[in-house]
Amino acid sequence: QETLVESGGGSVQAGGSLRLSCAASGRTFSTYTMGWFRQAPGKEREFVSAINWSDNTYYADCVKGRFTISRDNAKSTAYLQMNSLKPEDTAVYYCAATRLISAQALSRIGGTYWGQGIQVTVSS
């Protein structure tokens, strides 16, 4: 069982940056593929980015070149660095984890474990 806790959200003006963190509780973090999804009001949850156990990454087209996903296995934490934020990035961001699948697979099927979500608001 994994418990995921997101932090680092908040409000920022367009063009600004935020870094989200996702801290995992389990001892097998290094075997998990970690991902970020988001859900804007009135919209379905959508994939943002994922990173597998060997640091292979995958991004949604809408965030490529602006967002960077990374992980620190020693801290059991995944990160999402978000730069050049746009108002359309406003959403609740969720961390997800699944063991031993590719980053692309996580983008399609979602996570076995989910965080509680954290708000990111980008004003114009």
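Look up a bit, the structure's there.
Residues numbered from 1 in each chain as written. Predicted model: local features only at pLDDT ≥ 70, side-chain atom pairs only at ≥ 80, totals over all residues. Heavy atoms only, no water.

**Student:** Would you mind going over the overall build of the chain with me for this structure?
**Tutor:** Each helix and strand in the chain was counted, giving one helix and eleven strands. If you list the helices and strands of the chain from N to C, you get β-β-β-β-β-β-β-β-β-α-β-β. The C-alpha atoms of the chain give 13 Å as radius of gyration, which agrees with the globular expectation for 124 residues (14 Å, within 12%). Its C-alpha atoms give the chain principal-axis dimensions of roughly 40 × 25 × 25 Å. (Helix = DSSP H or I, 4+ residues; strand = E, 2+ residues; numbered from the N terminus. Rg over C-alpha atoms; globule rule 2.2 N^0.38 Å.)

**Student:** Explain the side chain of Thr33 to me, please; I cannot follow it from the model alone.
**Tutor:** Examined against the element boundaries, Thr33 turns out to sit in strand S4 (residues 32–39). On the basis of relative accessible area, Thr33 is assigned to the buried category, the value being 0%. Within the local environment of Thr33, its side chain forms a polar contact with the backbone oxygen of Ile101, the two atoms lying 2.4 Å apart. (Buried < 20%, exposed > 50% of the residue type's maximum accessible area, 1.4 Å probe, protein only. Polar contact = N/O pair within 3.5 Å; in protein donor to acceptor, adjacent residues only side chain to side chain.)

**Student:** Which parts of the structure should I look at to understand the pattern of salt bridges?
**Tutor:** When the charged atoms of two side chains with opposite charge come close together, those side chains can pair. Under the defined criterion, the tally for this structure stands at four salt bridges. With a closest N to O distance of 2.6 Å, Arg38 and Glu46 form a salt bridge. Classification of Glu46 as partly exposed rests on a relative accessible area of 34%. Asp89 serves as the salt-bridge partner of Arg66, at 2.7 Å between the closest nitrogen and oxygen. Within this pair, whereas Arg66 is found in the loop between strand S6 (57–59) and strand S7 (67–72), its partner Asp89 is found in the loop between strand S8 (77–82) and strand S9 (91–99), the two being separated by 23 residues in sequence. (Salt bridge = Lys/Arg side-chain N within 4 Å of Asp/Glu carboxyl O.)

**Student:** Help me out: how do you make sense of the packing of aromatic side chains in this one?
**Tutor:** Pairs of aromatic rings are described using the distance from one ring centre to the other and the angle between the two planes. The tally for this structure, following the rule as stated, stands at four aromatic pairs. An aromatic cluster is built from Phe37, Phe47, Tyr58 and Trp114, whose rings are joined through pairwise contacts. Stacked on the ring of Tyr94, the Lys or Arg Arg45 has its end atom at 4.0 Å from the ring centre. (Phe/Tyr/Trp six-rings, centres within 6.5 Å; stacked < 30°, edge-to-face > 60°. Lys NZ or Arg CZ within 6 Å of the ring centre and 35° of its normal.)

**Student:** I would appreciate a short explanation of the state of the cysteines in the present structure.
**Tutor:** As enumerated under the stated definition, the model contains one disulfide in all. Through a disulfide, Cys22 is tied to Cys95; the S-S separation comes to 2.0 Å. One disulfide, between Cys22 and Cys95, carries an S-S torsion of -80° and so falls in the left-handed class. In this pair, Cys22 sits in strand S3 (residues 18–24) while Cys95 sits in strand S9, placing the two residues 73 residues apart along the sequence. As far as the burial class goes, Cys22 and Cys95 line up, both buried. Lacking any disulfide linkage, Cys62 is separated from the closest cysteine sulfur, that of Cys95, by 18 Å. For Cys62, a relative accessible area of 38% corresponds to the partly exposed category. (Disulfide = S-S within 2.5 Å.)

**Student:** Would you mind going over the sheet that holds S3 with me for this structure?
**Tutor:** In sheet architecture, strand pairing relies on hydrogen bonds along the backbone and comes in two forms, parallel and antiparallel. The sheet built from four strands is open, its strands ordered S1-S3-S8-S7 with antiparallel pairing. Since the sheet does not close on itself, it has two edges, and those belong to strand S1 (4–7) and S7, each with one partner. Averaged over all pairs of adjacent strands, the angle between strand axes in this sheet comes to 15°, irrespective of strand direction. For S3 and S8, the ladder comprises six bridges, and the chain directions are antiparallel. Looking across to S8, one finds that Arg19 is bridged to Gln81. (Pairing = 2+ DSSP bridges. Axes fitted to C-alpha atoms, helices over the stretch in contact; angles between N-to-C directions.)

Geometry only, nothing functional implied.
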